[in-house]
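Each chain, written out:
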Amino acid sequence: MSIKLIATDLDGTLMSPDHITITDFTVSALEKAHNKGVKIAIATGRPLLLTDNVTDQIPFADYVIYANGAGVYDRSRRKTLCCDLIPNKTAIDAISHFLKQKVFFEVYINGKSHYQTECIEFFNNNTDLPQEFLDQIEGTMDAHDDLIEYLGDRGIEKITLYSLEDRQYECFTSKMKELKLTTSVSFEGCLEGTSQTANKGTAIANLSNALGITANEVMCFGDAGNDIQMLEWAEFSFAMDNGSDDCKAAAKFTAPSNAEDGIAKTVNKYINNI
């Protein structure tokens, strides 16, 4: 196995169950691989700003694929390499529609989360996300009295609906498909929409192509629905043991759970030869 790029999801995959920390064991394993010349890419549904705490812990990470592949950031050059945005008109149509639906949602603009102030009353934590992590998320979000006015003529990277009940998924998914958005679910109670062509798989394929790396030289890790395209594309793809069934079906292999340092154990076995 000759791996030149490791791409990993964050929540439920690289991160500990608290969604905030990376174990020393995992940091060490990734750093050893990086010292061997293996590039490291984060591939997350988070906005770019919400990855700062992650890259503080693994400062050797080379790239950040954020907003489910809508953006790719080169950390060494401090430059966004590409953006695949939801067009402005579609973004306005989506925001206008969901403002009428009594649902909390956010949109990502230039790597940061934004929401309309009045929508906060519709948020409730119907997930198992720790409160400390939710507080961290809230600290990176900006509230606006008029989200469409703030948006102006820009596109958005991603729209995410929260606190959904099972009965709401079909209706909201249908609306996103009507808007020609790609949908995915990364954890219970959420629904995410990106442009038709934005996903982690496309982003990693494009990054690999730019680096002269092929699919059989990429190892990737994920646990949820927004990781499926990435796991299908890479030759050495691992679904975490705590991952969803569709995620496991898309991956070629399974790794121990994130609570068991699954990434570290897999990287040490196949790359670091430990």
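Reading the values: rules and limits
Residues numbered from 1 in each chain as written. Predicted model: local features only at pLDDT ≥ 70, side-chain atom pairs only at ≥ 80, totals over all residues. Heavy atoms only, no water. Core = buried A, V, L, I, M, F, W, Y, C linked by side-chain atoms within 4.5 Å. Buried < 20%, exposed > 50% of the residue type's maximum accessible area, 1.4 Å probe, protein only. Helix = DSSP H or I, 4+ residues; strand = E, 2+ residues; numbered from the N terminus. Contact = heavy atoms within 4.5 Å. Salt bridge = Lys/Arg side-chain N within 4 Å of Asp/Glu carboxyl O. Expected span 1.5 Å × (residues − 1). Arc of directions from axis to C-beta.

Caption draft 1: Representation of the nonpolar core within the structure. If you look at the biggest cluster of nonpolar residues, it comprises 67 residues, and the most contacted ones within it are Ile6, Phe105, Ile159 and Val267. Here this core gets 5 residues from one element, more than from any other, and that element is strand S6 (residues 104-109). Residues within four places of Ile159 in sequence aside, it is in contact with Ile86, Ala94, Phe98, Phe105, Glu106, Val107, Met176, Leu181, Leu191, Glu192 and Gly193. Counting residues in each nonpolar core, the second largest holds 21 residues, with Leu5, Ala203, Ile204 and Cys220 among its members.

Caption draft 2: Quick look at the pattern of salt bridges. If you walk through the whole model with that rule in mind, you get 10 salt bridges. Of the charged contacts in the structure, one is a salt bridge between Lys89 and Asp93, with a shortest N-O distance of 3.0 Å. Here Asp93 and Lys89 lie together in helix H4 (residues 88-99), a separation of 4 residues that amounts to about one turn. The exposure class of Lys89 is exposed, given its relative accessible area of 59%. Look at Asp93 and you get partly exposed, because its relative accessible area is 32%. The salt bridge partner of Asp142 is Lys112, with a shortest N-O separation of 3.1 Å. Of the two residues, Asp142 sits in strand S8 (residues 141-144) while Lys112 sits in strand S7 (residues 112-116), which places them 30 residues apart along the sequence.

Caption draft 3: Highlighting H4. Helix length check: H4 (12 residues) gives 16 Å between terminal C-alpha atoms against 16 Å at 1.5 Å per residue, within 8%. By the burial criterion, the buried members of H4 are Thr90, Ala91, Ala94, Ile95 and Phe98. Each buried residue of H4 lies within a common arc of 130 degrees when the element is viewed along its axis, so the set occupies one face. Each element contacted by the buried residues of H4 is listed here: S6, helix H6 (147-151), strand S9 (158-162) and helix H7 (166-178).

Caption draft 4: Spatial organisation of the side chain of Asp227. If you trace the backbone, Asp227 turns up in the loop between strand S12 (218-222) and helix H9 (228-233). Residues contacting Asp227, with those up to four places away along its chain left out, are Asp9, Lys200 and Gly222.

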